[in-house]
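Observations on chain architecture
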Amino acid sequence: MADVVQFRLERMADELDDLERRGLFSHAEIDEIVRRRRDFEYRLKRPSPLKQDFVSYIEYEKQLDQLRDLRKRAILGELRQKRHREEEKEGRRRDKTVKWNNSISDVAGVRRILDIYRMAVVRYKGDLDLWFRYLEFCRERKHGRMKKALVEAIRFHPKVPGLWIYAAAWEFDQNLNVAAARALMQSGLRACPKSEDLWIEYLRMELTYLNKLKARKVALGEEVVTLEKESGEAKQWKEENKDLFMPLNEERGDAEGSDLQEGALEKKENLFWQQGSMILQTIYHGAVEALPSSMSLRKRFLEILDSVDLAHSDELKIEVMENFKKDFSHDVDYWDWIARLQVSNSANHKDLKREVVLSKLDRAVQVYEEALKVLPTAKMYSLYGKFWLDVIFSDREDSIPMLSNCGVDALDFSSSILKVYENAESSGCLTEDLACQYVSFYLQTGRLEEARNLAEKLCNGKFSGSANLWILRSSMEMKWLTDKSSSMSMDELHSVFELLKNVLSRLSLPEAECLWLMALKFFSNNKDLFRKLLKNLMIALARAGGTDRGFSIASAIVNWVLQRDGIEQAREMYKRFLALPHPSLKFFKHCIDLESNLSFVGDGDALRNARKLYELAVAIYDQNREVWKDYYIMELKVGTSETANAVHWRARKTLKDTIMLSVPNDW
């Protein structure tokens, strides 16, 4: 191994001598470079070099080459200034050029980085990140090894569409070889026929090529239209500047010759349009045949059709839409996409007329109504309701702010979404989530009384076992009672308490966690009802004993009592929870952390209480190593060596472990 490293270092001698001779690096810096390279070379010659070894070596060489380039520029600047001063003295005209003859040091750095990349990808053939770094470096430096690297990458990873796209893009954009790019795309489609990205990028490449051909003809003076749709301003500008597009081969002649020439140009232009249309059709049919069940592929093709203007493009769009409906009419996502497509363009325009917006909205509604005739499912109703929520409320993530842009009050359409929920209920498609949306809509529009009545009807009917709906109803009742706190009666308070008691008895602790906390906070000012509620909580925690399901509720209550009533009341509270059968270990740790924090701020009883909690914890969880470890660490922190050793001895005896408890190095 040492011989190989020494051989590689000796091959660097000419480069290092050149760097020193040209004044780019000093002798001491050359020694440091040799030392660092020797270290990296030894790492790479290990039996199993790490990926990070290659990456670190490459990063070092890149930084070294950047430093060499900066110093080269600085030397050239100094030489240029020196020459200017000499020319000023001699009265000669300034010559800005300063020659720098390339030598071995100008290319050795890039060559070495490429060699390291080559060794890295040979060692880690399956690492795509390394391959792409290698290719990107070749592309940035415009090195001739790029083509060979692409061939090797594709040979090892023929099923990675991104590599085929990258290779074709390089041939098309950098190497300007359209035939090679097309061949790569077609080979990629044979290797990865199920890749949507490959089909779409192939189509984009072909259309881009046609646009480049048209741009070339425009530069030659032939009047052609690009494949992209033009705005009205662009067309008007072309009409006003016809003289700028006069053909180079125009000859002054009679009117008949001019007409023949115009006819020939028009024929050529139509040929381009037809060629683009044929490409689009061919790629579309091939993609659909390879991916017949891909909805996103059809959507992306339609987006491209909307952005280009080709011969027979409207006919092709109609064909795509008909096939789309034929193949996906059983899919609710198709209908949702079609409906939203009717209003998608309206959301980006702020000056649309009211009649136009309402017309687009009506078309979207008609699509949803047709969809419900074909697929009267709960999901279809849910998507229909979500559409109306996105239209009415502009603060949603997928909102459609088309109504606010034209001055229409969105709440005027409240009846439309309520009709959707009512139809879903009457057809038996009202799910738990949809029912919660139904009630929540009333709340969002400020109709609390109607929301209460609806929630009561749903909870007493089909959704009597729905946890979310019961929680929503209970929170509404507490909100309703809070809003009329000035006229709150004991009967109403007891009524809400009985409702909560009924709901909480139905639900498990994890499901009702937030509701427990809301209820305890709501009844905190009524000692009698708060005591009853806490008693019910104790019963629920006892039923779930030995698990961590009630840990967060108990911890939140202790923290809340600590902030409101002080530490003594908080201690009484956590003692009541710890008196339950088999209390949670997480709750033990929470109480211990509470006492430990108090001991650091000078509470004299906190340390004693923390020790009591640990003793109780290790009595219940005596085989838990983490509890003994935490107890031992606490004694190391705040106790004495005798107490720490005593805990350590008891832990070894209980755990029957002759190995000492591992503790952090800080202790």
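Residues numbered from 1 in each chain as written. Predicted model: local features only at pLDDT ≥ 70, side-chain atom pairs only at ≥ 80, totals over all residues. Heavy atoms only, no water.

Applicable threshold: UniProt positions are given in the numbering used here, feature names are shortened, and annotations may be inferred rather than shown by experiment.
For the protein chain, an unreviewed UniProt entry supplies the name U3 small nucleolar RNA-associated protein 6 homolog isoform X1 and the organism Phoenix dactylifera. Regarding the protein chain, the UniProt comment filed under Subcellular location (unreviewed entry) reads as follows: "Nucleus, Nucleolus". UniProt, in its Sequence similarities (unreviewed entry) section for the protein chain, records the words "Belongs to the UTP6 family."

Quick notes on the side chain of Ser466
The condition that has to hold: Starting at the N terminus, helices and strands are each numbered in turn, a helix being any DSSP run of H or I of at least four residues and a strand any DSSP run of E of at least two. Type-normalised accessible area, obtained with a 1.4 Å probe on protein chains alone, sets the label of each residue: buried when under 20%, exposed when over 50%, and partly exposed for intermediate values. Polar contacts, as used here, are pairs of N or O atoms within 3.5 Å; protein pairs need one atom able to donate a hydrogen and one able to accept it. Residues neighboring in sequence count only if both atoms are side-chain atoms.
Its place among the elements puts Ser466 in the loop between helix 21 (448-459) and helix 22 (467-483). On the basis of relative accessible area, Ser466 is assigned to the buried category, the value being 4%. Of note is the side chain of Ser466, whose polar atom sits 2.8 Å from the side chain of Glu432.

A closer look at a nonpolar patch on the surface
Let me state the cut-off plainly: Patch construction takes residues with relative accessible area above 30% that form no salt bridge. Like charges are linked within 9 Å, and nonpolar side chains (Val, Leu, Ile, Met, Phe, Trp, Tyr) are linked within 5 Å. All accessibility values rest on the Shrake-Rupley procedure with a 1.4 Å probe; residue burial counts only the protein chains present in the view. Salt bridge, as used here: a side-chain nitrogen of Lys or Arg that lies within 4 Å of a carboxyl oxygen of Asp or Glu.
Taken together, the side chains of Phe600, Val601 and Val638 present a nonpolar region at the surface, about 310 Å² in accessible area. Position of Val601 among the secondary structure elements: in the loop between helix 28 (585-600) and helix 29 (606-620).

Structural notes on the nonpolar core
Threshold: We define a nonpolar core as any set of buried Ala, Val, Leu, Ile, Met, Phe, Trp, Tyr and Cys residues linked to one another through side-chain atoms lying within 4.5 Å. Should any heavy atoms of two residues lie within 4.5 Å, those residues are considered in contact.
In terms of nonpolar packing, the biggest core is built from 197 residues, with Trp388, Leu537 and Phe577 touching the most fellow members. Each residue touching Trp388, except ones within four places of it in the same chain, is listed here: Leu361, Val365, Phe413, Ser416, Ile417 and Val420.

Observations concerning the environment of Lys325
Relative to the helices and strands, Lys325 is located in helix 14 (residues 313-328). As for Lys325 and Trp335, which are separated by 10 residues in sequence, their C-alpha atoms are 8.7 Å apart. If we skip the residues at most four places from it in the chain, Lys325 touches Tyr334, Trp335 and Glu370. A polar side-chain atom of Lys325 sits 3.2 Å from a polar atom in the side chain of Glu370.

Re the packing of aromatic side chains
Threshold: The criterion for an aromatic pair is that two Phe, Tyr or Trp rings (for Trp, the six-membered ring) have centres within 6.5 Å, with stacked assigned to planes under 30 degrees apart, edge-to-face to planes over 60 apart and tilted to the rest. When the NZ atom of lysine or the CZ atom of arginine is within 6 Å of a ring's centre and also within 35 degrees of its normal, the charge is said to sit over that ring.
A full pass over the atoms with the stated rule returns 21 aromatic pairs. Between Tyr284 and Phe301 the ring centres are 5.5 Å apart and the planes differ by 75°, which places this aromatic pair in the edge-to-face class. Pair noted here: Tyr284 is in helix 12 (residues 255-290) and Phe301 is in helix 13 (residues 295-307), with a separation of 17 residues, a long-range link. Classification of Phe301 by relative accessible area gives buried; the value is 2%. Here the aromatic rings of Phe387 and Trp388 are separated by 5.7 Å at their centres, their planes lie at 65°, and the arrangement is edge-to-face. With a relative accessible area of 0%, Phe387 lands in the buried category. Cluster of aromatic residues (ring-pair linked, three or more members): Tyr117, Trp131, Tyr134, Phe137 and Phe156. Geometry around Tyr124 places Arg123 over its ring, the cationic atom sitting 5.2 Å from the centre. Of note, Arg452 hangs over the ring of Trp480, and the distance from its end group to the ring centre comes to 3.8 Å.

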